Amino acid sequence: MNNLSSQNFQLQSDYEIISPAAINLTSEQIMEAAKLSHQIPNLSRQWQTYINSLALFAFEAWLKERADALTIKREKCTVLQPALANAIAVVANLQVGEFKICLIPTDSFDDLAVTLPQSVIDLPEYIPHFYVLLEVLEEQGTAVISGFLSYKEFVENQAKANLQPKSDWSYQLPLNWFNFDANTLLLYLHCLKPEAINLPAIPQHRAQTLAIMQTKLTALLPQLKSPERELWEVLTWEQATTILTNPDLLSWIYNYQTQAPDSSLKTNLKDLFQLCTQPALNVGRWLWDELDELAQEFSWKLLPSFTPAVMMRSPIEEFQAIIHQLQHQGLEIPSQARGAYQDLLLAGISLRLYAVTWHLLSEHDSHLWTLLLILGTTAQDTLPNHLKLRVSDQSSVLLEQGINKERGDAYLFTRLIGSWDEKFLVSVSLTDGVEINLPPFTFSPGKFC
């Protein structure tokens, strides 16, 4: 740490007179920690989440009392996200000002080493500027900020000691690597520039690596059904890296361990890999009368703005007639909505998929969009009895829809609503396993997205 300015030395003197004292945890904080821990399926990880939560609340209180001007951002904090708390045994991704903080709770310092998960040391997504030790005395309802170690100092010490991870993906860090003057941590948080501690960049090839491992992981991940099984018991570290850096896959494991047996979860795993690895169509550009390169590659054809229905049968006329029919049934479609279509060939059956999208205005959330899907045949015939339309998002299979045999439907309709960070995967299948997966649909309405 060598870029503290001289004007901050007085600040240092001010902090040196403040001794780190025990932080009393309130009953509300203890209840909140218990509530967070109850979301974790494994008993030992549940206890760890409880202690981690107390550490978070104590650290926030300590900062508020001693450095109220520092901004704390906890939105990405792992302990507040059950899927991440279930996989990472410390509190990672807490942000204080421009610094990333990792809290390491312990109930005593009887040992001469501290255990850290490999994820917060070797994965850039979780590596902090500072590792902070907290002694959490759960029975007394108190915690103490005990020491800290910068990532820069960790790297220097690791090189000297040739420290290697253990088989359970943990590191044992000697206690004497840590600085036990908590006031110095406050000084750094106030005065140091984040650039003084270089963090490794997040690799850009995560999706490609995941695509390569897809088949292997599809076979391995169901082995994690038991909450008692740890990732390191099933996966290699390379495989785990692709999982630990993909929140959607971590959420799938969490749901798989916490929800009742549901075959749709396995179907969703297959769809989830498509959502995580395949490029997505940006239907938001349709509002600008544009098709992105992916839509052009897959021969999507943009349709004109809505006009009164006329006699059929070109795709444009057919689309207008379908839309008129849906509006007559009560579906409100704003004039700014835009649509496109793509012809598909599934086992010799000529299908046509229309997609209509628009920005959904809501007083509660301005970042919503909707996707209306209409599946029919190119010849306006009835759809095959055994044909199904399936739509998944990152968390589940949203619907799997077949035709009503008695009605002899000529079309399947469905409408979806999502936030701007949600994607939808659409699949069309026959009962004999023949299936088409379309590129995921996403929505980014910016002109240049």
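Note: the structure precedes this text.
Nothing here was measured: the structure is a model prediction, and the numbers come from that model.

Phi is positive for N93, which is not a glycine, with a value near 65°. Structurally, N93 can be placed in strand 3 (residues 91-96).

Before going further, it helps to spend a moment on the pairing of strand 12 (residues 349-360). The element strand 12 is largely enclosed, with a buried count of nine among its 12 residues. Direction of pairing for strand 11 (residues 338-346) relative to strand 12: antiparallel, over a ladder of nine bridges. In the strand pairing of strand 12, L346 is matched with I349. Connecting the antiparallel pair strand 11 and strand 12 is a turn made up of two residues, with A347 showing a positive phi of about 50°. In the sheet, strand 12 pairs with strand 13 (residues 368-377) via 10 bridges, with the strands oriented antiparallel. The residue of strand 13 that forms the bridge with Y354 is I374.

So, on to the sheet that holds strand 16 (residues 412-419). Ordered in space as 10-11-12-13-16, the five strands form an open sheet in which the pairing is antiparallel. Taken across any chain shown, the strands that pair with only one partner, and hence form the sheet edges, are strand 10 (301-302) and strand 16. Of the strands in this sheet, strand 11, strand 12, strand 13 and strand 16 are in contact with helix 14 (residues 315-328), which crosses strand 12 at around 55°.

This brings us to the pattern of salt bridges. Opposite charge on two side chains makes pairing possible when the charged atoms of those side chains draw close. Using the criterion set out here, one finds 12 salt bridges in the structure. D289 is the partner of R338 in a salt bridge, and the nearest nitrogen-oxygen pair spans 1.8 Å. Here D289 lies in the loop between strand 9 (281-282) and helix 13 (293-297) and R338 lies in strand 11, a separation of 49 residues in the sequence. Taken together, the shared-partner salt bridges connect K270, D271, R390, E400 and E435 into one network.

In this section: the environment of A83. Mapping A83 onto the fold places it in helix 4 (residues 82-85). Separated by 281 residues in sequence, A83 and H364 have C-alpha atoms that sit 26 Å apart.

Let's shift gears to the nonpolar core. One recurring pattern in soluble globular proteins: nonpolar side chains tend to sit buried together. Ranked by internal contacts, the top residues of the largest apolar core, which has 88 residues, are F59, F130, Y131 and L221. Here this core gets 10 residues from one element, more than from any other, and that element is helix 3 (residues 43-66). Look past the residues within four positions of Y131 in its chain and what remains in contact with it is C102, I104, L116, V120, I121, G147, F148, L149, Y151, F154 and F178. Counting residues in hydrophobic clusters, the runner-up holds 33 residues, among them V283, L291, L375 and I436.

Orientation of helix 2 (residues 27-37) relative to helix 3, taken along the N-to-C sense of each, is 145°, at an axis distance of 8 Å. Read as a crossing pair, helix 2 and helix 3 show a hand that is right-handed. Across the interface between the two elements, Q29, I30, E32, A33, A34, L36 and S37 from helix 2 touch Q46, T49, Y50, S53, L54 and F57 from helix 3. Residues of the contact of helix 2 with helix 3, tallied by class, amount to seven nonpolar, five polar and one charged.

Let's shift gears to the packing of aromatic side chains. Under the criterion given, the structure shown has 18 aromatic pairs. Considering the side-chain rings of W47 and Y50, the 5.4 Å spacing of their centres and the 40° angle between planes classify their relative orientation as tilted. One end of the pair, W47, and the other, Y50, are both in helix 3, three residues apart, so they sit about a helical turn from each other. With centroids separated by 4.6 Å and ring planes inclined at 20°, the aromatic side chains of W252 and Y256 adopt a geometry described as stacked. Separated by four residues within a single helix, W252 and Y256 lie in helix 11 (residues 247-258), roughly one turn from each other. Across this residue pair, the class does not change: W252 and Y256 are buried.

A few words on the environment of A67. With respect to the secondary-structure elements, A67 resides in the loop between helix 3 and strand 2 (72-73). Spatially, the C-alpha atom of A67 lies 36 Å from that of P41, the residues being 26 residues apart in sequence. Not counting the four nearest positions on each side in its chain, A67 is found in contact with L186 and H190.

Turning to helix 8 (residues 206-220), a few remarks are in order. Where helix 8 bends most, at Q214, the angle is about 60°. Every buried residue of helix 8 is accounted for by L210, M213, Q214, L217 and L220.

Burial of strand 14 (residues 387-392) is extensive: five of the six residues sit out of reach of the surface. Relative to strand 17 (residues 425-430), strand 14 runs antiparallel, the two being bridged by six bridges. Note on strand 17: the bridge partner recorded for S392 is L425. Bridge count for strand 14 against strand 15 (residues 397-402) is five bridges, and the pairing is antiparallel. For L389, the partnering residue across the bridge sits in strand 15 and is Q401. Count of turn residues in the strand 14/strand 15 antiparallel hairpin: four residues.

Conventions used here
- Residues numbered from 1 in each chain as written.
- Predicted model: local features only at pLDDT ≥ 70, side-chain atom pairs only at ≥ 80, totals over all residues.
- Heavy atoms only, no water.
- Helix = DSSP H or I, 4+ residues; strand = E, 2+ residues; numbered from the N terminus.
- Buried < 20%, exposed > 50% of the residue type's maximum accessible area, 1.4 Å probe, protein only.
- Pairing = 2+ DSSP bridges.
- Contact = heavy atoms within 4.5 Å.
- Axes fitted to C-alpha atoms, helices over the stretch in contact; angles between N-to-C directions.
- Salt bridge = Lys/Arg side-chain N within 4 Å of Asp/Glu carboxyl O.
- Core = buried A, V, L, I, M, F, W, Y, C linked by side-chain atoms within 4.5 Å.
- Left-handed = near helix turned anticlockwise from the far one by under 90°.
- Nonpolar A, V, L, I, M, F, W, Y, C, P; charged D, E, K, R; others polar.
- Phe/Tyr/Trp six-rings, centres within 6.5 Å; stacked < 30°, edge-to-face > 60°.
- Bend = angle between axes of the 7 residues up to and from the residue.

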